Amino acid sequence: MFHLDQCNVRIVQDQDVKGLISMSKTIWDGHDYIPTILDKWLPDGHFFVAEYHGKIVGCVKLSLFPDNSLWFEGLRVHQRYQGKGIGKLLNEFAFNYANTLKSLNPLLSFEFCTYYMNHESLHMAKAAGFKPVKKYYVFEKRGVRKMLEPTIITDFDISLFKQHKDYIPCGWQAIHNNPASIDWIKSKCTVFQTPQGVYLYGGLSQKNVLFLQEPKYDLRKELPYFQYMYGASKSIEIIIASKWKKHLDTIQALGFKDWEGPLTKPNMLVLRK
Ligand SMILES: CC(C)(COP(=O)(O)OP(=O)(O)OC[C@H]1O[C@@H](n2cnc3c(N)ncnc32)[C@H](O)[C@@H]1OP(=O)(O)O)[C@@H](O)C(=O)NCCC(=O)NCCS
């Protein structure tokens, strides 16, 4: 019998790494990215674990992004312990912590990103007062054999992102479109150009290619350039602004898919409170 009152949320410690890795192996059939970013999240702080009888059963991370954005991420509960209130407990802890940070910096906004079918996460977000503020399409496709080297652009400023007025999704982390974000973007992402388009390649672990311009050109010709960025990876992921939905059919005809099948609705949501 599980007792939620015996579950304790606390700041992560170095010795939690093993427990975090074994917990995350139970998430998304073992495809969780958390083990790959622990070396960054541990020293960054604002990282919490739920412990039950000495075992790590969940975690949540808050990250300070440019322009006073407090980003909620990495909410996980060990599969065997899901549905018992631990996710809610972690969220409440994160909120209390976030509110303390906000009392020191009233400009902070709370934000996060989730998948449109993540009902638990959306339910908790709604209850906590988050509202969807931006939507995107994320697609995945098997890689292609041919690779072509794009031109890497290092000298750019925020005007490059004028098609993404509010947020710039760097993978599943969306950064404010603000001059303060430029250093963050340059340190974590790569901008590349092909003869047809300009893109941002970034993301925490699994990377995505964000279209910086409307894809009203021959997308098939872009695939070898995307593959170059991914190297030997067997799949390519792209992010398209929802305002460009008229290109969905062309994109899906090339074999790009949502994990659950063909897409009609945006599947990546940015929520804010
Ligand atoms: C999302 C996750 C962290 C939730 O943790 P959990 O411990 O199972 O959640 P809880 O038991 O605390 O339940 C949280 C809330 O979700 C609700 N919920 C659960 N399943 C639901 C569903 N299918 N639809 C709507 N609400 C649902 C619960 O009723 C509860 O709300 P309530 O307290 O108002 O009743 C957990 O499922 C998980 O680790 N999933 C995989 C990783 C993931 O998706 N992380 C979030 C990325 S943004």
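For the structure, see preceding data.
The sections below set out a description of the structure shown in this document.

### Quick look at the pairing of strand 14 (residues 268–272)
Most of strand 14 is tucked away: four of the five residues are buried. Sheet topology note: the strand 5 (residues 109–115)/strand 14 ladder contains five bridges and is antiparallel. Considered in strand 14, the bridge of Phe 112 is made with Leu 271. Here strand 6 (residues 131–142) runs beside strand 14; their pairing, made up of five bridges, is antiparallel. Within strand 14, the position partnered with Lys 135 by the bridge is Leu 269.

### Description of the environment of Phe 192
With respect to the helices, strands and loops of the structure, Phe 192 is situated in strand 10 (residues 190–193). Remark: the alpha-carbon pair of Phe 192 and Glu 214, spanning 22 residues in sequence, is separated by 15 Å. Those residues within four positions of Phe 192 in sequence are excluded, and the remaining contacts are Pro 150, Thr 151, Ile 152, Ile 153, Gly 197, Val 198, Tyr 199, Tyr 201, Val 209, Tyr 225, Phe 226 and Met 229.

### Let's talk about unusual backbone geometry
Despite not being glycine, Trp 28 shows a phi value in the positive range, around 45°. By the secondary structure assignment, Trp 28 is in the loop between helix 1 (17–24) and helix 2 (34–44). Note on Trp 28: relative accessible area 49%, which makes it partly exposed. The phi torsion at Asn 68 lies on the positive side, around 60°, for a residue other than glycine. With respect to the helices and strands, Asn 68 occurs in the loop between strand 3 (55–65) and strand 4 (69–77).

### Some thoughts on the side chain of His 46
One can find His 46 in the loop between helix 2 and strand 2 (47–52). Of the polar contacts made by the side chain of His 46, one reaches the side chain of Tyr 97; its length is 2.8 Å. Once you skip the residues sitting within four places of it in the chain, His 46 turns out to touch Val 60, Lys 61, Leu 62, Leu 64, Tyr 97 and Leu 101.

### Considering the nonpolar core
In a soluble, globular protein the nonpolar side chains are often hidden away together inside. Counting residues in each nonpolar core, the largest one holds 52 residues, and the members touching the most others are Phe 72, Ile 86, Phe 130, Phe 211, Phe 226 and Ile 238. Of the residues forming this core, the biggest block, six residues, is contributed by helix 3 (residues 86–104). Membership of the second largest hydrophobic core comes to 26 residues, among which are Tyr 136, Ile 182, Val 191 and Val 198.

Conventions used here
- Residues numbered from 1 in each chain as written.
- Predicted model: local features only at pLDDT ≥ 70, side-chain atom pairs only at ≥ 80, totals over all residues.
- Heavy atoms only, no water.
- Buried < 20%, exposed > 50% of the residue type's maximum accessible area, 1.4 Å probe, protein only.
- Helix = DSSP H or I, 4+ residues; strand = E, 2+ residues; numbered from the N terminus.
- Pairing = 2+ DSSP bridges.
- Contact = heavy atoms within 4.5 Å.
- Polar contact = N/O pair within 3.5 Å; in protein donor to acceptor, adjacent residues only side chain to side chain.
- Core = buried A, V, L, I, M, F, W, Y, C linked by side-chain atoms within 4.5 Å.

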